[in-house]
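# Fold and contact review
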Amino acid sequence: MTDPIIHIQNNDSEADTCRKYVLPKLKNESNWTDEQILEQRPFTAGKIIVIGRVGRRKKAKKADYLLRYSQNFLIAVVEAKREYKTAAEGMQQAKEYAQILGLKFCYATNGKEILEFNFITGLESKIEKFPTPTELWNRLNSVEPVKPEIQETYLKPFVATPGKEIRYYQQIAINRAVKAILEGKNRALLTLATGTGKTTVAFQIIHKLWNNRWNTKGEHRRPKVLFLADRSVLVTDPHAKDFALFGDARCLVPDEGLPSSREIYFSTYQSLAEDSSKVGAFRNLPRDFFDLIVIDECHRGSSSDDSNWRAILDYFNKSVQLGLTATPLRDDNKDTYLYFGNPLYTYSLRQGIEDGFLAPYIVHRVVTEVDATGWRPQEGQVDANGQIIPDGVYSTPDFENSLSLLPRTKAVAKHLHQFMLKNGRFDKTIVFCVDQEHADQFRREISNLNTDLVRQYPDYAVRIVSEEGDIGKGHLGRFMDIDEPIPVVVTTSRLMSTGVDVPTCKNIVLFRMVNSMTEFKQIIGRGTRVRDDKQKLFFTILDYTGSATRNFADPDFDGDPPLITQEEIDSNGQTVEGTYEEFPEPPQQDENDFEDFNGNIQDDGGNPRRKYYVTEGEVEIAVETIQIIDPVSGRLITVQLSQYAKEKISIMFPSANDFRSHWNNLAERKQIIEQLENQGISIEQLMEITKQKETDPFDLLCFVAYDLKPKTRKQRAELLKKNKQDFFSLYSEKAQHILQMILEKYVDFGLNQIRPDIISVDPFTQEGNTIEIVNEFGGMDNYKKAIEELQKLLYAEAA
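### Considerations on the overall build of the protein chain
- Each helix and strand in the protein chain was counted, giving 28 helices and 29 strands.
- Of the contacts made within the protein chain by residues no fewer than 6 positions apart, 70% connect residues no fewer than 24 positions apart.

Shown next, in the form of structure tokens:
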């Protein structure tokens, strides 16, 4: 008896291609080791899409192979395609990944053919085998040379920190900074968006230099490093957490001055600075004492020529100075870039959101009637202190500066309260107010609207400003703690606009004007951190002054929101129904006005400006608009959600009949819903906006896109039972009863009820077990066909 001939169809997957062809070529022909080959490695987290008010991650970008010359030095990317496809089909993706990862070489292969793209020469070519690690390093070194004397230190691995995997952009930033410092560059700058781990980057840079005994004098010792920032939380937090590995080699600089026996020093500018009444503590040390100074949030004053803090950097001018900032070059931070030079590397807010490492956001624009039209006192009207209020029209820049309008504060507090009742009363919220007094007013109003919670949680709403001292620091520590639910609402002026890490913050409230793009991006950064384990995938900006709307319109802004809404509210904080309008941006605050340490407005002579207090009257709130990113142009466009959905559906399906033919196919229907969700269109949200909650999703989308009169789910079910009796007659009486029950579920709860596994839950289990019910249809295959046919007939022409 002869053995049977077994035929196996050649239909290898990409994984098969990699296993059978790519790995042997890399290892055997080109000398890449297992340690140098990272296989099927995701390098982004997956962009977060906001659908309605639910965040969902898309798939992470994942390379088939990442090739590294040393442990922390990626040098090339390889994309593999199935054997029956061409290598060229993988080249575009390989190039995209290489550009994101900052690599100069990428490859596409189907296992037999290899294509190379060289970003140095701009040439794409077919090659016989992959280059060896040494060949690629030599090519790269010819255009981005690494001096032989620093190469060993430069290529040494980073220190491993439990629970903190170094992301690709952090690796690029660390490598570029270390290279610049080892090569003797005196000043360097890294621009990394808030929430992307600047402290992690600083730690790895410092540890690598410290561990390898680098110093500016070339002596056999560890370097002296100063970590400098302008706020205590920016030095105490890294000292206690990221830099704990340094142990006793690190220290916090006390107010009385610098000790000289440590190696890693943490200090605020204020602890070292000098003024007319005191000599700076830094002058007690030699000018060449520090080898490296790392300045966190360096855009905040130290690099300005007229800053007192600049004296510290000028004094220690023998040191290497590395600036860290979250804000790209702007008019209001150009001193930073003039001092440090162009950044070695920039990782933007936009890229962070695209990669899924930063949270996207919804912008909710809310306008009170007094912000829209202005407020004017009656003739001879006096304020709460008996002062006559000067005549004139007061607008957004005046409120809480020259005129305290308590009814406006009450209206906004009521609106925020209603918003949180609907979306989450324990969602951590930061409210940015005009000054400390305004922050206290708002804290009181929002607290009084939540007395049911405040009775149980007295610190539900707190003020955190400089006046609060240690009490405020205690509140801040608990607010930053991801496991502490209280406080929930924090009011502040400027104290929390930077340097505060609140990963679970879900609402940023702008109740003061923010005219500086640099400060605006810092404020936005309070919410951009992602915590999947705490269901924090996006956040909301509630803008009551037009600051967000105006700054998002700036062409230099690099992280547009997926959604902007605008509404008008009445004195009870309720949305005025049917209002839709665009408002011109409010006038800018006078540049001659500035805040003192306590957040109070002063005139250009340093004298407090008179403020008038109006505590009586009512203020209403009005208008709703939506702004989204146009996927073609990338620009913000102002539309109603229903109009936006109409445009997108009409592009996908020119006619209702075309739409119906695709919708009838269950697999295609899922794809349609997924495509809409990827563009931020939620069927549930459309139902709410159009007030069509009883409508079938198909009818809802036809109503929105093609202006067809919608049918309710009940009407569709009744038409099906009336017009398709021949379908029901195919089955036993018991099976017909099951189908009728499924239709009732559909009427009550929606289309997702028509699915095969519905019979495994109540009330179907009362009709028999799964096998018994399936047998009524003549077996599982016939049962599934019946469910599929039920869905098709639901959308048949006659129905």
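### Looking at unusual backbone geometry
- Here the residue pair Ile486 and Pro487 is connected by a cis peptide bond, since its omega of 0 degrees sits within 30 degrees of zero.
- In this fold, Pro487 is placed in the loop between α16 (469–480) and β20 (489–492).
- Residue Pro763 follows Asp762 across a cis peptide bond; omega there is 5 degrees.
- Tracing the sequence through the fold places Pro763 in the loop between α26 (733–749) and α27 (770–775).

### Topic: the sheet that holds strand β1 (residues 37–42)
- The strand order β1-β4-β5-β6-β7-β8 describes an open sheet built from 6 strands, whose pairing is mixed. At either end of the open sheet lies a strand with only one pairing partner, and these are β1 and β8 (123–127). Pairs of neighbouring strands in the sheet enclose a mean axial angle of 30 degrees, with direction left out of account.
- As defined by bridge partners, strand β4 (residues 62–70) adjoins strand β5 (residues 73–80) across 5 bridges and the pair is classed as antiparallel.

### Concerning the side chain of Ser447
- Counting through the fold element by element, Ser447 comes out in helix α14 (residues 436–448).
- Discounting chain neighbours no more than four positions away, the residues touching Ser447 are Val454 and Ala461.

### Digging into the nonpolar core
- If you look at the biggest cluster of nonpolar residues, it comprises 115 residues, and the most contacted ones within it are Ile75, Tyr168, Ile205 and Leu292.
- Per-element accounting of this core gives the leading share, 9 residues, to helix α5 (residues 168–182).
- Ile649, Trp663, Ala717 and Leu743 belong to the second-largest nonpolar core, a separate cluster that totals 48 residues.

### Side note on the packing of helix α20 (residues 656–663) against helix α23 (residues 697–706)
- Contact geometry for α20 and α23: axes closest at 11 Å, N-to-C directions at 155 degrees. Judged on the interaxial angle alone, α23 and α20 are roughly antiparallel. Considering the relative orientation of α20 and α23, their crossing is right-handed. Here Ala656, Phe659, Arg660 and Trp663 of α20 come into contact with α23, specifically with Pro697, Phe698, Leu701, Cys702 and Tyr706.
- In terms of residue class, the contact of α20 with α23 is built from 8 nonpolar, no polar and 1 charged.

### Notes on the sheet that holds strand β13 (residues 292–295)
- If you trace the 7 strands from one edge of the open sheet to the other, you get β11-β12-β10-β13-β14-β9-β15, paired in parallel fashion. Edge positions in the sheet fall to β11 (250–252) and β15 (345–347), since each of these pairs with one other strand and no more. Each strand of the sheet is rotated relative to its neighbour by a mean of 15 degrees, with strand direction disregarded.
- Judged from the 5 bridges that link them, strand β9 (residues 187–192) and strand β14 (residues 320–325) form a sheet pairing that is parallel. Each bridged residue has a counterpart across the sheet, and for Thr191 the counterpart in β14 is Thr325.
- Lying over the sheet, α5 contacts β9, β13, β14 and β15, oriented at roughly 160 degrees with respect to β15.

### Looking at the pattern of salt bridges
- What the rule picks out here adds up to 29 salt bridges.
- A salt bridge links Asp34 to Lys27; the nearest nitrogen and oxygen atoms lie 2.5 Å apart.
- Assessed through its relative accessible area of 31%, Lys27 is described here as partly exposed.
- In this structure, the salt-bridge partner of Lys104 is Glu144, at a minimum N-O distance of 3.8 Å. Of this pair, Lys104 sits in the loop between α2 (91–101) and β6 (105–109) while Glu144 sits in the loop between α3 (133–143) and α4 (148–154), and the two are 40 residues apart along the sequence.
- Members of the salt-bridge network, linked through shared partners, are Glu219, Arg221 and Asp291.

### Some words on the packing of α20 against helix α21 (residues 666–678)
- The interhelical angle for the contact between α20 and α21, taken along N-to-C directions, is 115 degrees, at an axis separation of 7 Å. Contacts between α20 and α21 involve Phe659, His662 and Trp663 from the first element and Glu668, Arg669, Ile672 and Ile673 from the second.
- Residues belonging to the contact of α20 with α21 are distributed by class as follows: 4 nonpolar, 1 polar and 2 charged.

### Structural notes on the pairing of strand β21 (residues 505–510)
- Among the 6 residues of β21, 5 are classified as buried, and the element is accordingly described as predominantly covered.
- The parallel pair β21 and strand β22 (residues 539–543), bridged by helix α17 (residues 517–524), forms a crossover whose chirality is right-handed.

### Regarding the packing of aromatic side chains
- For the structure shown, the criterion picks out 39 aromatic pairs.
- Ring geometry for Tyr69 against Trp137: centres 4.7 Å apart, planes inclined by 5 degrees, an arrangement best described as stacked. Of this pair, Tyr69 sits in strand β4 while Trp137 sits in helix α3, and the two are 68 residues apart along the sequence.
- Tyr69 gets classed as partly exposed once you look at its relative accessible area, which sits at 21%.
- Exposure remark for Trp137: the relative accessible area of 5% places this residue in the buried category.
- Ring pairing ties together the aromatic residues Phe43, Tyr97, Tyr168, Tyr169, Tyr347 and Phe357, which thus form one cluster.
- In this structure, Arg187 is placed above the aromatic ring of Tyr339, and the distance from its NZ or CZ to the ring centre is 3.7 Å.

### Section: α23
- Judged by how many residues are buried, α23 sits mostly within the fold: 9 of 10 residues are covered.
- For α23, the side-chain oxygen to backbone nitrogen distance between the N-cap and Phe698 is 2.8 Å, and the N-cap itself is Asp696.
- Once α23 ends, the next one or two residues include Asp707, with phi positive near 60 degrees.

### Quick word on empty space enclosed by the protein
- A full pass over the atoms with the stated rule returns 2 cavities of 30 Å³ or more.
- Taken as a whole, the second largest cavity spans an internal volume of roughly 90 Å³.
- Around the second largest cavity sit 15 residues that line it, and Ala193, Thr194, Ala326, Leu349 and Lys521 are the ones nearest its centre.
- Sort the elements by how many residues they give to the lining of the second largest cavity and α17 lands first, with 3 residues.
- Taken together, the residues of the lining of the second largest cavity break down into 6 nonpolar, 7 polar and 2 charged.

### Digging into the side chain of His475
- Its location among the elements puts His475 in helix α16.
- Taking the relative accessible area as the measure of exposure, His475 reaches 8% and is therefore buried.
- A polar contact is formed between the side chain of His475 and the side chain of Arg478, at a distance of 2.9 Å.
- Excluding its chain neighbours within four sequence positions, the residues that come into contact with His475 are Asp459, Val462, Arg463, Ile464 and Pro487.

### Thoughts on the confidence of the model for the protein chain
- Across the protein chain, pLDDT averages 81, with 83% of residues at or above 70.
- Here residues 579–604 is a poorly scored stretch, pLDDT under 50, and it has 72 contacts once near neighbours within four places are set aside; other chains count.
- Predicted confidence is poor over residues 628–636, with pLDDT under 50, and the contacts of this stretch with residues over four places away or in other chains come to 25 contacts.

### Here we look at α14
- Spanning 13 residues, α14 covers 18 Å between terminal C-alpha atoms, matching the ideal 18 Å at 1.5 Å per step.
- Where α14 is concerned, the buried positions are Gln436, His438, Ala439, Gln441, Phe442, Glu445, Ile446 and Ser447.
- If you follow the buried residues of α14, they end up packed against β17 (403–405), α13 (406–423), β18 (428–432), α15 (451–454), β19 (461–463) and β20.

### Comments concerning the pairing of strand β3 (residues 54–57)
- Of the strand pairs in this sheet, strand β2 (residues 48–51) and β3 are connected by 4 bridges, and their pairing is antiparallel. Of the residues in β3, the one forming a bridge with Ile48 is Arg57.
- Hairpin connection from β2 to β3: 2 residues lie between these consecutive antiparallel strands, with Gly52 at a positive phi of about 65 degrees.

### Let's talk about the environment of Thr153
- With respect to the secondary-structure elements, Thr153 resides in helix α4.
- The spatial distance from the C-alpha of Thr153 to the C-alpha of Trp214 is 8.9 Å, given a sequence separation of 61 residues.
- Discounting residues that sit within four places of it in the chain, Thr153 has contacts with Leu182, Lys208 and Asn212.

Procedures and definitions
Residues numbered from 1 in each chain as written. Predicted model: local features only at pLDDT ≥ 70, side-chain atom pairs only at ≥ 80, totals over all residues. Heavy atoms only, no water. Helix = DSSP H or I, 4+ residues; strand = E, 2+ residues; numbered from the N terminus. Contact = heavy atoms within 4.5 Å. Pairing = 2+ DSSP bridges. Axes fitted to C-alpha atoms, helices over the stretch in contact; angles between N-to-C directions. Core = buried A, V, L, I, M, F, W, Y, C linked by side-chain atoms within 4.5 Å. Buried < 20%, exposed > 50% of the residue type's maximum accessible area, 1.4 Å probe, protein only. Parallel < 35°, antiparallel > 145°, perpendicular 65-115°, else oblique. Left-handed = near helix turned anticlockwise from the far one by under 90°. Nonpolar A, V, L, I, M, F, W, Y, C, P; charged D, E, K, R; others polar. Salt bridge = Lys/Arg side-chain N within 4 Å of Asp/Glu carboxyl O. Right-handed = clockwise from strand over helix to strand, strands pointing away. Phe/Tyr/Trp six-rings, centres within 6.5 Å; stacked < 30°, edge-to-face > 60°. Lys NZ or Arg CZ within 6 Å of the ring centre and 35° of its normal. Polar contact = N/O pair within 3.5 Å; in protein donor to acceptor, adjacent residues only side chain to side chain. 1 Å grid on protein atoms, 1.4 Å probe; cavity = no way out; pocket = protein on both sides within 12 Å on 5 of 7 lines; lining within 4 Å. Points joined across faces, edges and corners; volume = space filled by probe spheres on them. pLDDT = per-residue confidence, 0-100. Expected span 1.5 Å × (residues − 1).

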